[in-house]
Amino acid sequence: MAFNLRITSWVKKYKVEILLFCVALLARIVLFSINLHAEQGNLINTIHGDDGYFELSRNLVQGHGISWEDHAPYLPNPLRPPVYPLFLAIPLYLTGSYWVVALCQMLVGSLIPLLGMLVSRQITGSRSMSWWVGWLLAFEPYSILLSFIFYTETLFTALFLLFLLYLFRYTEMPSLRSSAMAGLFLGLATLVKPTVQYLPILLPAGLAWYWTSTVSSVERRDRWSKKLLGQFALFFMVFLAIIAPWLLRNRHEFGVLGMSAQPSFNLMVYLVPSVRALENGTGFQTEYDRWFREQNLDWRDITLATSKTYQDRAVAELKKHPAGIIKSIGVTLTTFFTHDGMLVVLQHAGISLPMAGSRPSFILALQNPIRAMPLLKDMLFSPAIIVMCARMIWILGTLLFLCGIVLFFRDRRFHLPGTIALFLIAYFALTTAINGLGVNARFRIPVNALILTFAVYGFTLLGSRLLRRVFPIYD
């Protein structure tokens, strides 16, 4: 009886959070079912991604290590860190079923709206604004799709948001426990996507500067400094303890103490061809093929052992194309904030689109509306209109995000969680530049909760001001 009362009390206390999780899970099950039907019931085609994680999980279960080779000698993979392959391999090993693996990932994906809501609440202090952020994350189509396809974004985003929850808790009340937990989740997130490997240095340095610069007393500053150094040291040691086994594995396999050859890979395979294509006015595939012929390059040769050599080659080539670099950064940043991913969502659902009616027609409509009229008419009566609407929604969301930043920091000039959130958005946006024209909505997924927080903040304040202007009685 007492147990039932505790359960009832818990459900009443967290009814909004439970409802959000259940609705998010239902949305993911529905899209999964649609995609499974489009693939004629073939589960592997439904969940298989392009990054080799299906092969990695299979080889781990079969005892071949972290390798995506389909035959002996099963060479160690130089690009993919271990946590996501293990996340896939453990339930596969225990049950022998990829259905269970897909369900596990959907459950983690359904937690992301809840975690995003909690992170948003710590930034704004508003339950209503964070509630809207949670529901937007629950129904964001591309996030739903990635909840069951074998890409890293779902697990990484969940771990990254857990890191943020403990980081923001630490900024409110510094403690060893919060510091250690932040280091734990950031370490695990880094072993999913090494993009964040520099944060253990950048964030403590920023926090130390912020706290010491806002204390006037020298004696108090010294006391704070000693306390902070201990907490920061614990944060870094926990983080290092998590990633150390992988660093040692890479040193054993490749002779280099490093996380991944992915940066050099992206420079050679994505950024250089993108920069050359933008500067020369050619296509990405044209420059990709030309660059690989010039370098006599096989991308499989890019490992941690050869990473420095290929990085130097890429940098030397990039120095020859300054205009292309500027164009590439501009395209990357625009794509990072406005790409919708809806075309991919529809394609996986088995909906074919007339490609003449998607992005080229949209750009043509801006440049020459009269010439674009026939194409736009075709779009209005095809699924391509969904892509166009999704793109316009994200463009509007980006504008609201920018307005939200201005309004937020005008009201809360030295707000630490808000400053950290804005820094992290900028960090992810800038680090995607290495992917050139390969950037899409996937790269924004980890900070969608942060972007939507500022967008909802901007929408709420602008909406209330408009309401007071139209209906003075509400002023």
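Just so we're clear, the structure is a prediction, and the values are computed from it rather than from any experiment.

Trainee: Even after reading the chapter, I still don't get the packing of aromatic side chains, so can you show me in this structure?
Mentor: Aromatic ring pairs are defined here through the distance separating the ring centres and the angle between the ring planes. The final tally for this structure, using the stated rule, is 28 aromatic pairs. Between the aromatic rings of Phe 32 and Trp 99, the centroid separation amounts to 6.1 Å while the plane-to-plane angle is 80°, which identifies the pairing as edge-to-face. With a gap of 67 residues between them, Phe 32 in helix H2 (residues 15-38) and Trp 99 in helix H6 (residues 98-124) connect regions that are remote in the sequence. Take Phe 32: its relative accessible area is 6%, and that puts it in the buried class.

Trainee: Can you walk me through the nonpolar core in this structure?
Mentor: Nonpolar side chains tend to gather and get buried jointly when the protein is soluble and globular. Core analysis: the largest hydrophobic core is formed by 103 residues, its most contacted members being Phe 150, Phe 160, Phe 163, Leu 164 and Leu 450. Judged by nonpolar contacts, the second largest core, of 19 residues, contains Phe 254, Val 275, Trp 291 and Tyr 310.

Trainee: Could you clarify how one ought to interpret helix H5 (residues 83-95) in this entry?
Mentor: Since there are 3.6 residues in each turn of an α-helix, residues three or four apart along the chain are aligned in direction. Taking 1.5 Å of rise per residue, the 13 residues of H5 would be expected to cover 18 Å, and the 19 Å separating its terminal C-alpha atoms lies within 8% of that figure. Restricting attention to buried positions, one finds in H5 the residues Val 83, Tyr 84, Pro 85, Phe 87, Leu 88, Ala 89, Pro 91 and Leu 92. Residues of H5 that are buried make contact with helix H4 (53-61), H6, helix H9 (153-172) and helix H10 (176-190). Looking one or two places after H5, you find Gly 96, whose phi comes out positive at around 70°.

Trainee: Which parts of the structure should I look at to understand H2?
Mentor: An ideal rise of 1.5 Å per residue puts 34 Å on 24 residues; H2 measures up with 35 Å between its terminal C-alpha atoms. Looking at H2, one finds that the buried residues are Glu 17, Leu 20, Ala 24, Leu 25, Ala 27, Arg 28, Leu 31, Phe 32, Asn 35 and Leu 36.

Trainee: Where do I start with the packing of H9 against helix H11 (residues 199-213) in this structure?
Mentor: For any two helices packed against each other, one specifies the inter-axial angle together with the distance between the axes. In the contact formed by H9 and H11, the axes pass within 13 Å of each other and the chain directions differ by 20°. By the angle between their directions, the pair H9 and H11 is classed as roughly parallel. The crossing of H9 and H11 is right-handed. Counted together, Phe 160, Phe 163, Leu 167, Tyr 170 and Thr 171 of H9 and Leu 199, Leu 203, Leu 207 and Trp 211 of H11 form the full contact between these two elements. Looking at the contact of H9 with H11 residue by residue, the classes come out as eight nonpolar, one polar and no charged.

Trainee: I'm lost on the pattern of salt bridges in this one. Help?
Mentor: If the charged atoms of two oppositely charged side chains come close together, the side chains can form a pair. By the definition in use, this model includes eleven salt bridges. Measuring nitrogen to oxygen at the nearest pair gives 3.2 Å for the salt bridge that ties Arg 276 to Glu 317. Of this pair, Arg 276 sits in helix H13 (residues 262-280) while Glu 317 is found in helix H15 (residues 307-318), placing the two residues 41 residues apart along the sequence. On the accessibility criterion, Glu 317 (10% relative accessible area) is buried. Put simply, Asp 411 and Arg 410 hold a salt bridge, and the shortest N to O gap is 3.0 Å. Looking at Arg 410, the relative accessible area reads 47%, which means it is partly exposed. Linked by salt bridges that have partners in common, Arg 276, Glu 287, Arg 290, Glu 294, Glu 317 and Lys 320 make up one network.

The rules behind each value
- Residues numbered from 1 in each chain as written.
- Predicted model: local features only at pLDDT ≥ 70, side-chain atom pairs only at ≥ 80, totals over all residues.
- Heavy atoms only, no water.
- Phe/Tyr/Trp six-rings, centres within 6.5 Å; stacked < 30°, edge-to-face > 60°.
- Helix = DSSP H or I, 4+ residues; strand = E, 2+ residues; numbered from the N terminus.
- Buried < 20%, exposed > 50% of the residue type's maximum accessible area, 1.4 Å probe, protein only.
- Core = buried A, V, L, I, M, F, W, Y, C linked by side-chain atoms within 4.5 Å.
- Expected span 1.5 Å × (residues − 1).
- Contact = heavy atoms within 4.5 Å.
- Axes fitted to C-alpha atoms, helices over the stretch in contact; angles between N-to-C directions.
- Parallel < 35°, antiparallel > 145°, perpendicular 65-115°, else oblique.
- Left-handed = near helix turned anticlockwise from the far one by under 90°.
- Nonpolar A, V, L, I, M, F, W, Y, C, P; charged D, E, K, R; others polar.
- Salt bridge = Lys/Arg side-chain N within 4 Å of Asp/Glu carboxyl O.

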